[in-house]
Amino acid sequence: MTTRNGMSQFFTSLSAFINSDAEDHFPLKFFTFLRDHDVLKFNLPAKNIRTILILNLLREVGRKHLSGGRILEGHFNVVQLIKAFASSVQLSRWSEDLAEQKLFGVWNTQGTDGVEITDQGNGTFRLTGCKTFCSGADFIDRPLITAQWTDSPRKGWQMIILSGEKARLVKSDPEFWHPLGMKGSVSYRMNFTGILISGEDLLGQPGDYYRQPLFSGGAIRFAAVQLGGAEAILTEAQRVLKLSNRTGHPFQQSRIAEMTFLVETGRLWLTKAGSLADDSFVNDSGSAKLVAYANMTRTVIERICLKVMQLAEKSIGSQAFMQVSPLEQLHRDLTTYLRQPGPDAVLTSIGAYAFDQTDMINLWNLKDE
Ligand SMILES: Cc1cc2nc3c(=O)[nH]c(=O)nc-3n(C[C@H](O)[C@H](O)[C@H](O)COP(=O)(O)OP(=O)(O)OC[C@H]3O[C@@H](n4cnc5c(N)ncnc54)[C@H](O)[C@@H]3O)c2cc1C
């Protein structure tokens, strides 16, 4: 799968795959298909997969199934965190789970009753509280959650990966999840109160989850999935316009032209962001630059997706909002998935980074440029 040939064969099968999972259920058949093609073990910690290959895979999966792409993105995020912070014993345990294609996910978002971790003093730790927007919900075999330490010399946010038997004790609340789109991501509220864990479940040190560039740099993964959504809209708009013989009008031609170069622009951003990510992991001094570039990529791709949706809807007209059209669900899914945390803060942080630079022209060069 990791060879050029293997990937292109997979992408051909993916495009032929017919989604038959109900929109508001976990995409079980889609994940069986992904597992059959070894996608969940694509980037095992021991492999050194180039970032652009991961982004391309996420983009292609997102193009087929935005909710599936969201869940897969979380899985790949955990692999990165395991690679960066696991002890050698944990690394071999979780690598085995990954090789068996157990599904991992990251649940960090929470409301006022967020998760706390208390040291019981006997080698066990007690969890209380809930997480929200937990994509994959009960279908995640190994959830990675963050929890705030209480009553302990340790301070800050602790990553925890729940083993299979502990994950089964988490109580899901589907009532939390009545969104416009992305219903299939089953991003429920999950309650961890009363679960006891041990030291072997703790990943890294308090605060590691927010360590840069991993934390903000990861935004390029969800941007890749989102761009896949814009690609699906472009493909469908072109198909419908051809079918209805509406391709001759110059306004239709100019809108499809704009959608085409917007999507290509997104791909170019991902390619450069992937190269910078690989540069930066080799050399940590590029961290602030990578964070700023990931933030730019995320912001540009959000704008691209919004514009592509608008152009496609103008081109197709009201038919784009009828449930018989794939565009109707794509519109709802992408609109929902584009809402990611703190977009204003992301934009102003790019500005602050730019003001700190002395050379504005070669700001984003790769090492070998
Ligand atoms: C489909 C889907 C799946 C998800 N899955 C997961 C998951 O598996 N795990 C997980 O952890 N999370 C998940 N999330 C949650 C996601 O990571 C974000 O937390 C969530 O989408 C926040 O979106 P928001 O628009 O409410 O963001 P917000 O950050 O609340 O932004 C809303 C607006 O408020 C502004 N704003 C933010 N903070 C402030 C402030 N302090 N003062 C003034 N303005 C402010 C923002 O700039 C923006 O304009 C998921 C979300 C979605 C939509």
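These figures come from a predicted structure and were not determined experimentally. (Residues numbered from 1 in each chain as written. Predicted model: local features only at pLDDT ≥ 70, side-chain atom pairs only at ≥ 80, totals over all residues. Heavy atoms only, no water.)

Before going further, it helps to spend a moment on helix H10 (residues 287-316). In a regular helix each residue adds 1.5 Å, so 30 residues correspond to 44 Å; H10 covers 43 Å between its end C-alpha atoms and thus fits that length. Counting buried positions along H10 yields 23 of 30 residues, so the element is predominantly enclosed. Just downstream of H10 lies Gly-317, where phi reads positive at about 85°. (Helix = DSSP H or I, 4+ residues; strand = E, 2+ residues; numbered from the N terminus. Expected span 1.5 Å × (residues − 1). Buried < 20%, exposed > 50% of the residue type's maximum accessible area, 1.4 Å probe, protein only.)

Our next topic: the pattern of salt bridges. Two side chains of opposite charge can pair, provided their charged atoms sit close to one another. Scanning all chains against the criterion turns up 19 salt bridges. In this structure, Arg-63 and Glu-60 form a salt bridge, with 3.3 Å as the shortest nitrogen-oxygen distance. With Arg-63 and Glu-60 both in helix H3 (residues 51-64), this residue pair falls three residues apart, about one helical turn. Its relative accessible area of 27% is what places Arg-63 among the partly exposed residues. Judged by its relative accessible area of 13%, Glu-60 falls in the buried class. Here Glu-236 ties to Arg-239 by a salt bridge, and the two come within 2.9 Å at their closest N and O atoms. (Salt bridge = Lys/Arg side-chain N within 4 Å of Asp/Glu carboxyl O.)

Before going further, it helps to examine the nonpolar core. Counting residues in each nonpolar core, the largest one holds 95 residues, and the members touching the most others are Leu-34, Leu-57, Ile-117, Leu-127, Ile-160, Phe-192 and Ile-197. Sequence-distant contacts of Leu-57, that is, excluding residues within four places in its chain, are made with Met-1, Met-7, Phe-10, Phe-11, Val-39, Phe-42 and Phe-76. Among the nonpolar cores identified, the runner-up in size contains 17 residues, and Ile-82, Trp-94, Leu-203 and Tyr-209 belong to it. (Core = buried A, V, L, I, M, F, W, Y, C linked by side-chain atoms within 4.5 Å. Contact = heavy atoms within 4.5 Å.)

The sheet built from three strands is open, its strands ordered S4-S8-S7 with antiparallel pairing. Only two strands of the sheet have a single partner each, and these edge strands are strand S4 (130-134) and strand S7 (171-173). Between one strand axis and the next, the sheet turns by 25° as a mean value, whatever way the strands run. In terms of strand pairing, S4 meets strand S8 (residues 188-191) through three bridges, oriented antiparallel. By the bridge assignment, Cys-134 is partnered in S8 with Tyr-188. (Pairing = 2+ DSSP bridges. Axes fitted to C-alpha atoms, helices over the stretch in contact; angles between N-to-C directions.)

Looking at the chain, the domain boundaries give domain 1 (4-104), domain 2 (105-206) and domain 3 (212-355). Spacing between the C-alpha centres of domain 1 and domain 2 amounts to 21 Å. Listed per partner, the contact involves 26 residues of domain 1 and 22 residues of domain 2. Of the roughly 2,000 Å² buried at the junction of domain 1 and domain 2 (both faces included), carbon and sulfur atoms supply 65%. Summed over the shared surface of domain 1 and domain 2, the number is two salt bridges. Residue Arg-142 pairs with Asp-97 through a salt bridge whose shortest N-O separation is 2.9 Å. Seen at the junction of domain 1 and domain 2, the total is nine residue pairs in polar contact (both at pLDDT 80 or more). Looking at the side of domain 1 that touches domain 2, the elements that each hand over two or more residues are helix H2 (28-36), helix H4 (66-85) and helix H5 (88-99). Of the residues forming the side of domain 1 that touches domain 2, the biggest block, eleven residues, is contributed by H4. Along the lines of polarity and charge, the residues of the side of domain 1 that touches domain 2 split into 13 nonpolar, six polar and seven charged. (Domains from an automatic or database assignment. Buried area = accessible area lost by both parts, 1.4 Å probe. Polar contact = N/O pair within 3.5 Å; in protein donor to acceptor, adjacent residues only side chain to side chain. Nonpolar A, V, L, I, M, F, W, Y, C, P; charged D, E, K, R; others polar.)

What follows deals with helix H11 (residues 326-337). One turn of an α-helix holds 3.6 residues; hence residues three or four places apart share an orientation. Here H11 spans 16 Å end to end across twelve residues, near enough to the 16 Å set by a 1.5 Å rise per residue. Taken residue by residue, H11 has Leu-327, Glu-328, Leu-330, Arg-332, Asp-333, Leu-334 and Tyr-337 as its buried positions. Along its buried surface, H11 packs onto H4, helix H8 (219-243) and H10. With a side-chain oxygen positioned 3.0 Å from the backbone nitrogen of Leu-327, the residue opening H11 is Ser-325.

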